[in-house]
Amino acid sequence: MTTTILQLILPALIVSLATAHTCHQDAETCEFWLHIDHRMTMVKGRIAVFPENGQLYSYDTVNTSAATPMDLSDVITADGWEGYRLVIVANNSLPGPPIEVYEGQTVVVHVKNALTSESVTIHWHGLHQTGTPWMDGVAFVNQCPIHPGSSFTYRFKAKPKGTFWYHSHVGSQRTMGLYGALIIREKKPMEMKELIAVITDWNHWDSTEVHQRMLYGMYDHRVKLGSTDSLDGSHFSLFRYESGLINGKGRLYDGNKHNGAPLHVFNVTAGEQYRFRWIAAGALFPFRISIDEHNLTIIASDGYDLKPKTVESLVINPGERYDFIITTDKPVGNYWVRAITLEVNVNHTAEAILRYDTADNMEPESSKKSCTQDDKCVVANCPFSYYPKEANTVCIRFDEFKALPDDDPAPTAPQEQLQERFINFAFPGINSYPGSANGRSFVNPPVSAMTQPQELGKYRCGEECTEQTNCHCFGTMDLDHNKVYQIVFLNMGNGKGWAHPIHMHGHSFYVVKMGYGSYNETTGKIMGDNLDIDCRGGKERSKSFCNNATWSNSTWFGGNVPGLELTNPPRKDTIIVPSGGYVVVRIKADNPGTWFMHCHIDLHASDGMALVLNESFPHHPKPPKDFPRCVDFEYDMSNRNMEPVPEKENMKPAEKMVSNEQFWVVTGCLIAGIVLLGFIIVCMVCNKEKAKKQYEMKYATGQDNKVFTVNS
């Protein structure tokens, strides 16, 4: 009985404990619980709800004007779709609860996988995991996945400071809602109030559908649907955009009409400054973020401070984070927070509300800034060089930002010791076009690479991977301890055409140069590749796979690339690599471990656009004792163990399994239990009769006229 009760209340207890997700500044260790389970959107308890005018009503409500709206607090609304989408969430919330700690604290997170048929892991996006590479949370790279019904405890140091997040790193589970904010603050008083915003594109597919639909196409009522294009003419993969969510809330649009679902509200006070921490948790689309009538002063990206730049809007790609400051110096009222995809010929927007204190509880009537020739809009972090001329919009590319601190230069090395690597993230091919890194389409091994490296041999890429071929294997790049690496991410050859936000685990790299393709300055359309890169391969550029690229100018080797920013380079862990362009980053290989590096567009990573950095292998730290192992099992009939089980391991006869003394002790306890149970039953019957007589006396004398129930 006790076990049954614990099984019933434990999940609720874990969830309630985890709601206290902010750690005190003076604590050395911060402990949290994440309970991973399925939920349904647009259901309160077991009652279906529907949206109208920003409120929710029970499914059987006929006249909403005369009905009382339902409490929103325990409903996962998403975009208000009444098809009731299945989601995977942490602690019954979308997004999961934000985890807020202070730099240097030890973070302990107990993850319980309550899913019935899926494994899970949690990745702590942006944290370097120095000394704890087996806590990075990538299935089959750093750990074995957490099986249904199982638990896993993550333990790591909270560093560096900044805006980070956590999310599933198994398949496409992230697209079903398994993500949340992870904020690491400095141990000092906050300079201003802060607001967290997590944005994602959203549709109503199951996670298992996301990659398959990209491979086999999208169809609707016998009509084949195509993909959309970006402003510069590059493409977006097949992912059906239904809506955009900000902090788990959005609206489903049909043309210009929406379903009236509730939106997230950012409450502010007039005359103050607020630090927004924006996290892009989406599967595919970049969003251009703006707040009507409020400028954005960008101060940090991916956890690292930048010299401030004030803009009208900024572009944020999947995996990136941006911190900016707004000043609430406008008339008291409601203002639209807008996030618009970079697609052309469609209007895909996510919305939230900035509401000043004392403003009416109503939807904004504000307007987006009108960009004119005399007052152009300035947009930060464009994945291309130009907006169309008629847009009256100026791009600030990320390579125009500088790091705020003056004491964090890029690592350097003597010319002969500087290591240089080129990695092409693209879809090269002839008859098939898998996502790949240098033509190697990543395949997970069945073991944990970090903790079972001796079992990886047959899964690694081999000689079949050449300059003009695709291969499917466990792709790695070895990094020698303490050497400085200049790595060139490129997006070229016959597999270009899509921009890729590349995320590196284990490091925040220094962005020392970016090279964009050539663009038409009037239309903003891309015209060709950046010619700094030679794709080689014995083919003309449009046919080359670009699996073995190099500098077109051989004098650029050894760190002699013109225009490198080595003094104040900004640091990132996720950077957009534009179609036809490249990004030059630097790291020092001083963090031993196996680190996943991949496109953070979910569809592209699932298709194989990834590799593992095998860093400082002789210095890999040993995992904790009894760290889980995962292996294949092959039942070899020819090598079956046919030897009889040794006598000491044979099952004992039933009569010898317990001694006579043990038998009578157990029997006596059972008899005593039965006697005690009988005594309890007799007492309950007597109490019932006594209560019945008392009630009859009260009723007969008129002392009580209420219904009186006796439970037996």
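Analysis parameters
- Residues numbered from 1 in each chain as written.
- Predicted model: local features only at pLDDT ≥ 70, side-chain atom pairs only at ≥ 80, totals over all residues.
- Heavy atoms only, no water.
- Helix = DSSP H or I, 4+ residues; strand = E, 2+ residues; numbered from the N terminus.
- Buried < 20%, exposed > 50% of the residue type's maximum accessible area, 1.4 Å probe, protein only.
- Contact = heavy atoms within 4.5 Å.
- Phe/Tyr/Trp six-rings, centres within 6.5 Å; stacked < 30°, edge-to-face > 60°.
- Pairing = 2+ DSSP bridges.
- Axes fitted to C-alpha atoms, helices over the stretch in contact; angles between N-to-C directions.
- Core = buried A, V, L, I, M, F, W, Y, C linked by side-chain atoms within 4.5 Å.
- Disulfide = S-S within 2.5 Å.
- pLDDT = per-residue confidence, 0-100.
- Salt bridge = Lys/Arg side-chain N within 4 Å of Asp/Glu carboxyl O.
- Patch = residues over 30% accessible without salt bridge, like charges linked within 9 Å, V, L, I, M, F, W, Y side chains within 5 Å.
- Areas by Shrake-Rupley, 256 points an atom, 1.4 Å probe, with all protein chains shown as cover.

1. A look at the overall build of the chain
For step 1, the next point in the chain: Assigned secondary structure in the chain consists of four helices and 45 strands.
For step 2, the next point in the chain: Out of the 712 residues belonging to the chain, those deemed buried represent 53%.
For step 3, the next point in the chain: Long-range contacts, defined as pairs at least 24 residues apart, comprise 76% of the intrachain contacts of the chain with a sequence gap of at least 6.

2. Considerations on the environment of Asp60
For step 1, the next point in the chain: By secondary structure assignment, the location of Asp60 is in the loop between strand S4 (55-58) and strand S5 (86-90).
For step 2, the next point in the chain: Judged by relative accessible area, Asp60 falls into the partly exposed class, the value being 48%.
For step 3, the next point in the chain: In this structure the C-alpha to C-alpha distance between Asp60 and Phe50, which are 10 residues apart in sequence, comes to 9.3 Å.

3. Let's talk about the packing of aromatic side chains
For step 1, the next point in the chain: Under the definition given, this model contains 26 aromatic pairs.
For step 2, the next point in the chain: When the centroid spacing of 5.8 Å and the interplanar angle of 75° are considered together, the rings of Tyr241 and Phe285 count as edge-to-face. Residue Tyr241 is found in the loop between strand S14 (223-225) and strand S15 (243-246), and its partner Phe285 is found in the loop between strand S19 (273-280) and strand S20 (287-291); the two are separated by 44 residues along the sequence.
For step 3, the next point in the chain: Take Phe285: its relative accessible area is 3%, and that puts it in the buried class.
For step 4, the next point in the chain: Aromatic side chains Phe266 and Phe276 sit 5.1 Å apart centroid to centroid with 75° between the ring planes, which places their arrangement in the edge-to-face category. Separated by 10 residues along the polypeptide, Phe266 in strand S18 (residues 265-268) and Phe276 in strand S19 bring together distant segments of the chain. As far as the burial class goes, Phe266 and Phe276 line up, both buried.

4. Comments concerning the sheet that holds S5
For step 1, the next point in the chain: Ordered by their spatial adjacency, four strands build an open sheet running S5-S1-S7-S9, and the pairing between neighbours is mixed. With one partner strand each, in any of the chains shown, S5 and strand S9 (151-157) form the two edges of the open sheet. Neighbour-to-neighbour, the strand axes of this sheet turn through a mean angle of 15°, independent of strand direction.
For step 2, the next point in the chain: Sheet topology note: the strand S1 (residues 29-40)/S5 ladder contains five bridges and is antiparallel. Paired with Met40 across the two strands is Leu86, which belongs to S5.

5. Looking at the pairing of S19
For step 1, the next point in the chain: With respect to burial, S19 is a largely interior element, seven of its eight residues being buried.
For step 2, the next point in the chain: Pairing geometry for S19 and strand S24 (residues 321-327), over seven bridges, is antiparallel. Paired with Ile279 across the two strands is Arg321, which belongs to S24.

6. Section: the sheet that holds S20
For step 1, the next point in the chain: Strand order in the open sheet made by the seven strands is S18-S26-S25-S20-S23-S27-S28, with mixed pairing throughout. On the outer flanks of this sheet lie S18 and strand S28 (393-396), each paired with one strand and no other. The mean inter-strand angle of the sheet, taken between neighbouring strand axes irrespective of direction, is 25°.
For step 2, the next point in the chain: Pairing of S20 with strand S23 (residues 313-316) involves three bridges; the strand directions are antiparallel. Pairing of Phe287 across the sheet is with Ile316, part of S23.

7. What to know about the side chain of Thr77
For step 1, the next point in the chain: Note on placement: Thr77 falls in the loop between S4 and S5.
For step 2, the next point in the chain: Ignoring any residue separated from it by four or fewer positions in sequence, one finds Thr77 in contact with Thr41, Met42, Leu56, Gly248, Lys249 and Pro262.

8. A short note on the nonpolar core
Within soluble globular proteins, side chains that are nonpolar generally end up buried alongside one another.
For step 1, the next point in the chain: Within the largest apolar cluster, 84 residues are counted, with the highest numbers of intra-cluster contacts made by Trp278, Leu354 and Phe489.
For step 2, the next point in the chain: Not counting residues within four places of it along the chain, the set of residues in contact with Phe489 comprises Ile423, Phe425, Ile502, Met504, Phe509, Ile575, Val577, Gly581, Tyr582, Val583, Val585 and Met597.
For step 3, the next point in the chain: Membership of the second largest hydrophobic core comes to 32 residues, among which are Val111, Leu115, Ile122 and Leu182.

9. Quick word on the state of the cysteines
For step 1, the next point in the chain: The final tally for this structure, using the stated rule, is seven disulfides.
For step 2, the next point in the chain: A disulfide bridge connects Cys144 with Cys630, and the sulfur atoms are separated by 2.2 Å. For the disulfide bridge between Cys144 and Cys630, the dihedral angle about the S-S bond is near -85°, and by the sign convention the bridge is left-handed. Of this pair, Cys144 sits in the loop between strand S8 (122-125) and S9 while Cys630 sits in the loop between strand S45 (610-615) and helix H4 (660-701), and the two are 486 residues apart along the sequence. Residues Cys144 and Cys630 agree in their burial class; the two are buried.

10. Quick notes on the confidence of the model for the chain
For step 1, the next point in the chain: Chain-level statistics for the chain give a pLDDT mean of 88 and a share of 88% at 70 or above.
For step 2, the next point in the chain: Counting interchain partners and residues more than four positions distant, the pLDDT-below-50 stretch residues 1-20 has 11 contacts.
For step 3, the next point in the chain: Confidence drops under pLDDT 50 across residues 694-712; counting only partners more than four residues distant or on other chains, this segment forms 10 contacts.

11. Some remarks on the pattern of salt bridges
For step 1, the next point in the chain: Tallied over the full model, the rule gives 30 salt bridges.
For step 2, the next point in the chain: A salt bridge links Arg321 to Asp302; the shortest N-O distance between them is 3.4 Å. Note that Arg321 is positioned in strand S24 and Asp302 in the loop between strand S21 (296-301) and strand S22 (304-311), a separation of 19 residues in sequence. No difference in accessibility class separates Arg321 from Asp302, as the two residues are buried.
For step 3, the next point in the chain: Residues Lys330 and Asp329 are paired through a salt bridge, measuring 4.0 Å at the closest nitrogen-oxygen approach.
For step 4, the next point in the chain: In the salt-bridge network here, residues are joined through shared partners; they are Glu100, Arg185, Glu194, Arg275, Arg277 and Asp323.

12. A few points about a nonpolar patch on the surface
For step 1, the next point in the chain: The grouping of Phe633, Tyr635 and Met637 at the surface amounts to a nonpolar patch, some 430 Å² of accessible area in total.
For step 2, the next point in the chain: Its place among the elements puts Met637 in the loop between S45 and H4.

13. Some details on the environment of Pro501
For step 1, the next point in the chain: In this structure, Pro501 sits in strand S35 (residues 500-504).
For step 2, the next point in the chain: When the C-alpha atoms of Pro501 and Glu320 are compared, they prove to be 8.1 Å apart, with 181 residues separating the residues in sequence.

14. Remarks on the pairing of strand S29 (residues 419-426)
For step 1, the next point in the chain: In terms of burial, S29 is largely enclosed, as seven of its eight residues are buried.
For step 2, the next point in the chain: Sheet topology note: the S29/strand S30 (residues 436-437) ladder contains two bridges and is antiparallel. Bridging from a neighbouring strand, Ala426 pairs with Ser436 of S30.

15. Some thoughts on the environment of Glu28
For step 1, the next point in the chain: Residue position: Glu28 is located in the loop between helix H1 (2-18) and S1.
For step 2, the next point in the chain: For Glu28, a relative accessible area of 68% puts it in the exposed group.
For step 3, the next point in the chain: Between the alpha carbons of Glu28 and Val107 there is a distance of 8.8 Å; along the sequence they are 79 residues apart.
For step 4, the next point in the chain: Apart from residues no more than four positions distant in its own chain, Glu28 is found in contact with Gln105 and Thr106.

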